Amino acid sequence: MKLRSLRFSISWARVLPTGDRNHPNVEGVNFYHDYIDEVIKNDLTPVVTMAHFDQPFALENQTGGWGYPEMVDKFVEYADFLFATYGSKVRYWITINEPNNYCVYFPVVLAKVGVGSADELGTYRCMHHMNLAHLRTYRLYRDKYYAEQKGLVGASLLVWPATPATTRCQDVTAADAFMQLFAGTSMHPLVHGDYSPVTRRLVDSRTAELGLNASRLPHFTAAEREQLAKGALDFIALNVYNRYTVAYRDNPADSSQFPRLLKPLEDDLPFVRMVGGEYDETGSDYLVMHDAVLWTWNAYRIPIIIAENGFADVQSMGVKDTMRAHFHSTNIRTLLRTMKEYGIQVMGYFAWSLLDLFEFTAGYSRNFGLVHVDYASGTLDRTLKESAYFFTRIGRTGRVPHVPAPGSSARPAALPPGALLAALPLLAGGALRGALLL
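Conventions used here
Residues numbered from 1 in each chain as written. Predicted model: local features only at pLDDT ≥ 70, side-chain atom pairs only at ≥ 80, totals over all residues. Heavy atoms only, no water. Patch = residues over 30% accessible without salt bridge, like charges linked within 9 Å, V, L, I, M, F, W, Y side chains within 5 Å. Areas by Shrake-Rupley, 256 points an atom, 1.4 Å probe, with all protein chains shown as cover. Salt bridge = Lys/Arg side-chain N within 4 Å of Asp/Glu carboxyl O. Helix = DSSP H or I, 4+ residues; strand = E, 2+ residues; numbered from the N terminus. Buried < 20%, exposed > 50% of the residue type's maximum accessible area, 1.4 Å probe, protein only. pLDDT = per-residue confidence, 0-100. Contact = heavy atoms within 4.5 Å. Disulfide = S-S within 2.5 Å. Pairing = 2+ DSSP bridges. Polar contact = N/O pair within 3.5 Å; in protein donor to acceptor, adjacent residues only side chain to side chain. Axes fitted to C-alpha atoms, helices over the stretch in contact; angles between N-to-C directions. Parallel < 35°, antiparallel > 145°, perpendicular 65-115°, else oblique. Left-handed = near helix turned anticlockwise from the far one by under 90°.

Naming follows an unreviewed UniProt entry, where the protein chain appears as Lactase/phlorizin hydrolase of Frankliniella occidentalis.

Given below as structure tokens:
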């Protein structure tokens, strides 16, 4: 497919099943050595995510999970092990995948299957501890490993850009509040040194209503703020899928509710009404990428990697997934145009995902892959889809071709027939809990 790099995740539980770096699983450690060596052998640059929604169950029992500070210590120990073990081969590191999504949604999901409990007061403690884990990991790398390894460490963020329902200042305020609470809580302190005043006020107002003595969003200590001021990330690993339309809740009696993915934030945003969660099944909504990248750049001015961007097969397209090729064409070309128009620094693009794989809440029923995997027969045979040939063409020509939606030959006037890829050093299609860069 003429790709240039591979993003994948290392399973924490596979290399340190007890969470103790002094007792690694040698077979698991060697597996990733071999895997990284094979990636490099094939002229691909490895990009490694340290934790992708999983941690050793032993640690979950021992520490209580991300709602407790002990988990921060164990993650930094794990990160230190990874840097020491693989750092000579890996230049790009992403610490924790989508901490905002994990903390808001996954405790609810895990509680339903009997793993942990859905602590409604723990959402922001979880985000805070993941922020500290990233901060300490970044400072560890800069102080202990950077001089020799010269790598980069980034922080992941899931962004669902909120589009105001109208241009009314109330709707604009509601959209901004949602973005600052959902996305900003996991990114603002890493860039600006503390939580934003909006986030602090929203959380503490609800905390007071609950009659709690301590804020549900912990404060950074003076020592932690000092570490944040030294710098806490080299890039933002941005995951982009869909967007929401947001309005101000003019009628207090309005009983509309947040989607289940965002339910834990609802009481902290009583004035926000989610008009619609707009997952675009046509693959044509360029505003998702445009708004996500522009909001992130305006808020943080940190180089960006699009670490995930994908199109779910809810129509059973199989290998004839022209719609997915159209989706990636629309998104990559929009990305390039937005970069040029606003001077945004984007280091790369990853499509989620290279292979059809298991999705945490959908199993094998909602495939994102560029490569079809035959799970139905059990053979696991792999077949390139039409979208894979789209990426092959990019690798061969250095241009991003316009792919019209199925049944349409229309060409968007705002985009040239073949957008040059030279401005985007890394471009990719997703793989095994990760993605590939071109």
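Having seen it, we continue.
1. Some thoughts on a nonpolar patch on the surface
A grouping of Phe358, Tyr364, Tyr375 and Leu380 is seen on the molecular surface, where their side chains present a nonpolar patch of about 380 Å² in accessible area. Looking at the element boundaries, leucine 380 is found in the loop between strand S11 (371-373) and strand S12 (382-384). According to the relative accessible area criterion, leucine 380 is partly exposed, its value standing at 46%.

2. Considering the confidence of the model for the protein chain
Averaged over all residues, the pLDDT of the protein chain equals 91, while 92% of them reach at least 70. Every residue in residues 413-419 scores below 50 in pLDDT, and together they form 18 contacts with partners more than four places removed in sequence or on other chains.

3. Some details on the environment of serine 365
By the secondary structure assignment, serine 365 is in the loop between strand S10 (346-349) and S11. Between the C-alpha atoms of serine 365 and serine 316, which are 49 residues apart in sequence, the distance is 8.8 Å.

4. Describing the state of the cysteines
Evaluation of the coordinates by the stated rule reveals 1 disulfide. The residue that forms a disulfide with cysteine 103 is cysteine 126, at a sulfur-sulfur distance of 2.1 Å. Since a negative S-S torsion denotes a left-handed disulfide, the cysteine 103-cysteine 126 link at about -70° is left-handed. Highlighted residues: cysteine 103 in helix H5 (residues 99-112) and cysteine 126 in helix H6 (residues 123-149), separated in sequence by 23 residues.

5. Observations concerning the pairing of strand S3 (residues 92-96)
The side chains of a regular strand alternate, residue by residue, between the two faces of the sheet. The element S3 is extensively covered by neighbouring structure, given that 5 of its 5 residues are classed as buried. Two elements, strand S2 (residues 45-51) and S3, share 4 bridges in a ladder whose sense is parallel. Considered in S3, the bridge of threonine 49 is made with isoleucine 94.

6. Concerning the side chain of arginine 7
Along the chain, arginine 7 turns up in strand S1 (residues 5-9). Since its relative accessible area comes to 1%, arginine 7 is described here as buried. Of note is the side chain of arginine 7, whose polar atom sits 3.1 Å from the side chain of threonine 49. At 3.3 Å, the side chain of arginine 7 forms a polar contact with the side chain of glutamate 308.

7. Focus: the packing of helix H2 (residues 26-41) against helix H4 (residues 70-86)
Look at H2 against H4: their axes get within 11 Å of each other, and the N-to-C directions meet at 50°. Taken together, the axes of H2 and H4 lie oblique to each other. In the crossing of H2 with H4, the sense of the turn from one axis to the other is right-handed. Of the residues in H4, those in contact with Gly28, Val29, Tyr32, His33 and Ile36 of H2 are Phe81, Thr85 and Tyr86.

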